[in-house]
Amino acid sequence: MTTSITPRQDFEIHPQLTDPLLPELLHPDRLLWTPRELAELTSTVTTELTSGLRGLLRFDPDHRWWARLALTDGVELWLLSWLPGQRTKPHDHGGASGSFTVLQGEIGEEYRYPGGPVRRRTHVAGEGIGFGAGRAHQVTGIGTEPAASVHAYSPPLVATREYATLADVPAEIPSLAPILGR
């Protein structure tokens, strides 16, 4: 009788993404990513895995569409699509740091750090941003063409908090320490 041992995989990858570069980019041993590391990840994924991402991409006129691309103990990676006018509600990422890079089209972002003013930016294909745990934002598909973006969050699977408006973001974002067991 022959017994085979399957090596333990410390990450999940979307079954339609077969590019061998993605597992290398995920660094499954890294448990907490900085905003800069997240920005490098989303930028590299959008530029190096473009054809695989476009193969997954869907646009739904009734609802925003998204797919989780990968998950490790330290990071989760998502692909989102935006038809013109589709938007998120104002939200933060529950104390997680984040990043996104635009794969195609344009997205508008209104954002605010606790206690700061509401600001606006337009992000076009190839542009990305990494942000710290306190940032709240609302993202909208703008322009005339469909848009898509790759997002990353660390730590992963932290629940977002929604707000009626960005003006409702509290002066201090609660710490992640109780969630992370620290």
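From a predicted model like this one, the values you see are computed outputs, not experimental measurements.

1. So, the pairing of strand 6 (residues 106–112)
The element strand 6 is largely enclosed, with a buried count of five among its seven residues. Pairing of strand 6 with strand 7 (residues 119–124), which is carried by six bridges, proceeds in the antiparallel orientation. From the neighbouring strand, Glu-110 faces strand 7, where its bridge partner is Arg-120. Turn length for the strand 6-strand 7 hairpin, with the two strands adjacent in sequence and antiparallel, is six residues, and the turn residue Gly-115 shows positive phi of about 80°. Judged from the seven bridges that link them, strand 6 and strand 9 (residues 136–142) form a sheet pairing that is antiparallel. What sits directly across from Glu-109, in strand 9, is Val-139.

2. Focus: the sheet that holds strand 6
Taken in spatial order, the five strands make up an open sheet running 7-6-9-4-11, and their pairing is antiparallel. Of all the strands in the sheet, the pair left with one neighbour each is strand 7 and strand 11 (161–162). In terms of strand pairing, strand 4 (residues 91–92) meets strand 9 through two bridges, oriented antiparallel. Residue Asp-92 lies in a different strand from strand 9, and its bridge partner there is Ala-136.

3. Brief notes about the UniProt feature "binding site: Fe cation" (unreviewed entry) in the chain
Per the UniProt entry, the sites bearing "binding site: Fe cation" (unreviewed entry) are His-91, His-93 and His-137 in this numbering. With the annotated positions falling across 47 residues, the maximum pairwise C-alpha distance of 9.2 Å places them together in a single cluster. Inspection of the secondary structure puts His-91 in strand 4. With respect to the helices, strands and loops of the structure, His-93 is situated in the loop between strand 4 and strand 5 (97–104). Note on His-93: relative accessible area 6%, which makes it buried.

Definitions and limits used
Residues numbered from 1 in each chain as written. Predicted model: local features only at pLDDT ≥ 70, side-chain atom pairs only at ≥ 80, totals over all residues. Heavy atoms only, no water. Buried < 20%, exposed > 50% of the residue type's maximum accessible area, 1.4 Å probe, protein only. Helix = DSSP H or I, 4+ residues; strand = E, 2+ residues; numbered from the N terminus. Pairing = 2+ DSSP bridges. UniProt positions renumbered as here; feature names shortened; annotations may be inferred.

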